[in-house]
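Residue-level structural notes
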Amino acid sequence: MAQTSSEAGSPVAGVAGRYASALFELARDERQIEAVAATMQSFDSLLKESPDLARLVRSPVFTGEQQEAAIGAILDKAGLTGLGANFIRLAASNRRLFALPDMIRAFRRLVAESKGIVRAEVTVAERPSDAVLEEIKASLRDVARSEIDLDLRVDPALIGGLIVKIGSRMVDASLRTKLNGIRLAMREA
């Protein structure tokens, strides 16, 4: 009997997980994991840079044909080809573009897992310098005793400090949390 993703302990589930798992298996079989990962990264960057593209991906208003045509033109203009681009076209033709960002994240997790890389999410109040970012990565590598795939997020509401998530562990060293703790302590006094 075959194991499902959740039974195998895999971090992917749902529509995005099934598509990402299928893409990962195909890329592995074709020995194109790195090429597909690069295509997914490029498309994810396009999504983050273009509000119009993000709207196209999220919106149910566009027909499948419209999404397919638009995505095809974007992929051609960006020079994205191969298995990764075909996967994105397939998601468009199956009216699954809304799940594409989750598919890309799930695919990244599968690639990282296959390489023994630990994913870390770091949220900071403002974008750190490259030197500080390298210090954060080095510290996380020491803690995880593994290579780190760092997902950096900027949230000005933190005021200062950072929040680090690695797997199921989280450390909140943000100024916002410390101030809230002081505020609660003052109310109780």
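Refer to the structure printed above.
Scope of this entry: the structure provided in the associated data block. Bear in mind that the values here come from a model prediction, so they are computed numbers and not experimental data.

Cut-offs and rules
Positions within a chain are numbered from 1, following the residues in the order the chain's sequence is written. Residue-level local features of this predicted model are given only where pLDDT is at least 70; pairs of side-chain atoms are given and counted only at 80 or more, and the full residue set underlies all totals for whole chains, interfaces and linings. Hydrogens and water are ignored here; the side-chain numbers use all heavy atoms of the structure. Helix numbers and strand numbers start at the N terminus; a helix is a DSSP run of H or I with at least 4 residues, a strand a run of E with at least 2. Any residue under 20% of the maximum accessible area for its type is buried, any over 50% is exposed, and the rest in between are partly exposed; the area is computed with a 1.4 Å probe on protein chains only. Residues adjacent in sequence count toward polar contacts only when both atoms are side-chain atoms; beyond that, a polar contact is any pair of N or O atoms within 3.5 Å, and within protein one must be able to donate a hydrogen and the other to accept it. In what follows, residue pairs with any heavy atoms lying within 4.5 Å of each other are defined as contacts. Here the term patch refers to residues with relative accessible area over 30% and no salt bridge, with like charges joined within 9 Å and nonpolar side chains (Val, Leu, Ile, Met, Phe, Trp, Tyr) within 5 Å. Surface accessibility in these figures is a Shrake-Rupley result with a 1.4 Å probe; residues are shielded only by whichever protein chains are displayed. Note on definitions: salt bridges are taken to be side-chain nitrogens of Lys or Arg within 4 Å of carboxyl oxygens of Asp or Glu. The nonpolar core is taken to be a set of buried Ala, Val, Leu, Ile, Met, Phe, Trp, Tyr and Cys residues, with the residues joined through side-chain atoms within 4.5 Å. Strand pairing is assigned whenever DSSP detects at least two bridges linking the two strands. Comment: axis = line fitted to C-alpha atoms, over the contacting stretch for helices; angle = value between 0 and 180 degrees taken between N-to-C directions.

Quick look at the side chain of Ser 174 now. Along the chain, Ser 174 falls in strand 4 (residues 169-174). Residue classification places Ser 174 among the buried positions, given a relative accessible area of 0%. Within the local environment of Ser 174, its side chain forms a polar contact with the side chain of Asp 172, the two groups lying 2.7 Å apart.

Along the chain, Asp 149 falls in strand 2 (residues 148-154). Spatially, the C-alpha atom of Asp 149 lies 8.4 Å from that of Glu 121, the residues being 28 residues apart in sequence. For Asp 149, the contacting residues outside a window of four places in its chain are Ile 117, Val 118, Arg 119 and Ala 120. Reaching out from Asp 149, the side chain makes a polar contact with the side chain of Arg 119 at a distance of 3.1 Å.

What follows deals with a nonpolar patch on the surface. On the surface, Ile 159, Leu 175, Leu 179, Ile 182 and Met 186 cluster together into a nonpolar patch covering about 480 Å² of accessible area. Counting through the fold element by element, Leu 179 comes out in helix 8 (residues 175-188).

Before going further, it helps to examine the nonpolar core. Core analysis: the largest hydrophobic core is formed by 32 residues, its most contacted members being Met 40, Phe 43, Ile 71, Leu 100, Met 103 and Phe 107. Looking at this core, the elements with two or more residues in it are helix 1 (14-29), helix 2 (33-49), helix 3 (51-58), helix 4 (64-78), helix 5 (82-93) and helix 6 (100-115). For this core, the element with the most residues is helix 6, which contributes seven residues. Once you skip the residues sitting within four places of it in the chain, Phe 107 turns out to touch Ala 20, Leu 23, Phe 24, Ile 33, Val 36, Ala 37 and Met 40.

Within the open sheet, the four strands sit side by side as 2-1-3-4. Their pairing is mixed. Two strands in the sheet have a free side with no partner beyond their single neighbour: strand 2 and strand 4. Mean inter-strand twist for the sheet, computed between neighbouring axes without regard to direction, equals 15 degrees. Set on the sheet, helix 7 (residues 130-144) makes contact with strand 1 (118-124), strand 2, strand 3 (161-166) and strand 4; between it and strand 2 the angle comes to about 135 degrees.

Another point: the pattern of salt bridges. Taken as a whole, this structure holds 14 salt bridges when the rule is applied. Two residues, Glu 134 and Lys 137, come together in a salt bridge whose shortest N-O distance is 3.8 Å. Of the two residues, Glu 134 and Lys 137 both sit in helix 7, three residues apart, roughly one turn of that helix. Here Arg 153 and Asp 151 are joined by a salt bridge, their closest N and O atoms 3.1 Å apart. Relative accessible area serves as the criterion here: at 16%, Asp 151 is assigned to the buried category. The network of salt bridges with common partners includes Arg 119, Glu 121, Asp 149, Asp 151, Arg 153 and Lys 165.

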